[in-house]
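Each chain, letter by letter, is given below.
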Amino acid sequence: WLHSFNIHSSKESWHSSYEISTNLRQHSQSLSTWKASTFLSLDGLKNLSPKECKALSTWDGEHLYLNGLKSISAESACALAEWQGSLLELNGLKSISAVKMQAISCWEGLHLSINGIKFLSIKSAKELSRWQGNVVNLDGIKSLSVDSALALSEWHGNILNLNGIQSLSTNEAM
């Protein structure tokens, strides 16, 4: 079943996202003992249940790529936040509520990448500013309200990437 995972050290991807997802669901408990790589790319997965996120949180690797997820439930985000790795990529997420951002902000890793979101509410920005990591990538955001920018300025990490920003808005509805 391990061949169902797209491991970054490998040069090929073996199965479709359906097979990866099915195998993860069937063998989630074995994942916690898998030590083959420090990188795990499950970019083919479109969704993960809280139980699957809980199983992933037991994996002893460093870099977890879940860029195929288009959305995540608050329960799944909370379970995923228990993972002890250093880099988490959720670049497929299109939006994230303050409740989900609060859950993700509990993760104790170093580098968080959520480049797929196009909008960051003031409440989500406030929750993200509580995260204790070092690097945040939010390159998908094109416009940011001044209040959201001020909330992000409270973050005490080292690098905040907002490379997609084209304008700051004073619009409170943002």
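Parameters at a glance
Residues numbered from 1 in each chain as written. Predicted model: local features only at pLDDT ≥ 70, side-chain atom pairs only at ≥ 80, totals over all residues. Heavy atoms only, no water. Helix = DSSP H or I, 4+ residues; strand = E, 2+ residues; numbered from the N terminus. Buried < 20%, exposed > 50% of the residue type's maximum accessible area, 1.4 Å probe, protein only. Patch = residues over 30% accessible without salt bridge, like charges linked within 9 Å, V, L, I, M, F, W, Y side chains within 5 Å. Areas by Shrake-Rupley, 256 points an atom, 1.4 Å probe, with all protein chains shown as cover. Salt bridge = Lys/Arg side-chain N within 4 Å of Asp/Glu carboxyl O. Pairing = 2+ DSSP bridges. Axes fitted to C-alpha atoms, helices over the stretch in contact; angles between N-to-C directions. Contact = heavy atoms within 4.5 Å. pLDDT = per-residue confidence, 0-100. Core = buried A, V, L, I, M, F, W, Y, C linked by side-chain atoms within 4.5 Å. Lys, Arg positive; Asp, Glu negative; His and termini not counted. Charge placed at Lys NZ, Arg CZ, Asp CG, Glu CD. Polar contact = N/O pair within 3.5 Å; in protein donor to acceptor, adjacent residues only side chain to side chain. Phe/Tyr/Trp six-rings, centres within 6.5 Å; stacked < 30°, edge-to-face > 60°.

Undergrad: With reference to specific residues and values, describe the overall build of the protein.
TA: From N to C terminus, the protein includes six helices and eight strands. In sequence order, the protein lays out its α and β elements as α-β-α-β-α-β-α-β-α-β-β-α-β-β. Taking all 174 residues of the protein together, 47% fall into the buried category.

Undergrad: A description of a nonpolar patch on the surface should follow, citing residues and the corresponding values.
TA: Taken together, Val146, Leu150 and Leu168 make up a surface patch of nonpolar side chains, about 280 Å² in accessible area. Checked against the element boundaries, leucine 168 lands in strand 8 (residues 167-169). Judged by its relative accessible area of 58%, leucine 168 falls in the exposed class.

Undergrad: An account of the sheet that holds strand 3 (residues 87-89) is requested, with residue identities and associated values reported.
TA: In spatial order, the strands read 1-2-3-4-5-7; together these six strands make up an open sheet with parallel pairing. The sheet is open, and its two borders are formed by strand 1 (39-41) and strand 7 (159-161), each paired with just one other strand. This sheet shows a mean twist of 5° between the axes of neighbouring strands, independent of strand direction. Two elements, strand 2 (residues 63-65) and strand 3, share three bridges in a ladder whose sense is parallel. Of the residues in strand 3, the one forming a bridge with tyrosine 65 is glutamate 89.

Undergrad: Quick rundown of the side chain of asparagine 67? Include the residues and the values.
TA: Topologically, asparagine 67 is positioned in the loop between strand 2 and helix 3 (74-80). Among all residues touching asparagine 67, those that are not within four sequence positions of it are Asp43, Glu89, Leu90, Asn91 and Gly92.

Undergrad: Run through the confidence of the model for the protein, naming residues and quoting values.
TA: A residue-level look at the protein finds 76% of positions with pLDDT of 70 or above and a mean pLDDT of 84. Segment residues 1-22 is flagged for pLDDT under 50; beyond a separation of four residues in sequence, or across chains, it makes 31 contacts in the model.

Undergrad: Please set out the nonpolar core residue by residue, giving values where relevant.
TA: Within the largest apolar cluster, 38 residues are counted, with the highest numbers of intra-cluster contacts made by Leu64, Leu66, Leu80, Leu88, Leu120 and Leu138. Residue assignment for this core shows that the elements contributing at least two residues are helix 2 (50-56), helix 3, helix 4 (98-104), helix 5 (122-128) and helix 6 (146-152).

Undergrad: Just give me the short version of the pattern of salt bridges, but keep the residues and values in it.
TA: One pass over the full model with this rule turns up two salt bridges. Here arginine 130 makes a salt bridge to glutamate 127, at a shortest N to O gap of 3.1 Å. Glutamate 127 sits in the buried class, given a relative accessible area of 16%.

Undergrad: So what about a positive patch on the surface? Which residues, and what values?
TA: A contiguous patch of positive charge, built from Lys46, Lys70, Lys94, Lys118 and Lys142, is present on the exposed surface. With respect to the element layout, lysine 118 can be found in the loop between strand 4 (111-113) and helix 5.

Undergrad: So what's going on with the side chain of serine 57? Which residues, and what values?
TA: Turning to its location among the elements, serine 57 is positioned in the loop between helix 2 and strand 2. A polar contact is formed between the side chain of serine 57 and the backbone oxygen of lysine 54, at a distance of 2.5 Å.

Undergrad: Describe in detail the environment of alanine 103, supporting the description with residues and values.
TA: Mapped onto the elements, alanine 103 comes out in helix 4. In contact with alanine 103, other than residues within four places in its own chain, are Ala74, Ala77, Cys78 and Ala81.

Undergrad: Please give an account of the packing of aromatic side chains that cites residues and values.
TA: Each aromatic ring pair is summarised here by two numbers: the centre-to-centre distance and the angle between the ring planes. Per the stated rule, a full pass over the model turns up four aromatic pairs. Among the aromatic side chains, those forming a connected cluster through ring pairs are Trp59, Trp83, Trp107, Trp131 and Trp155.

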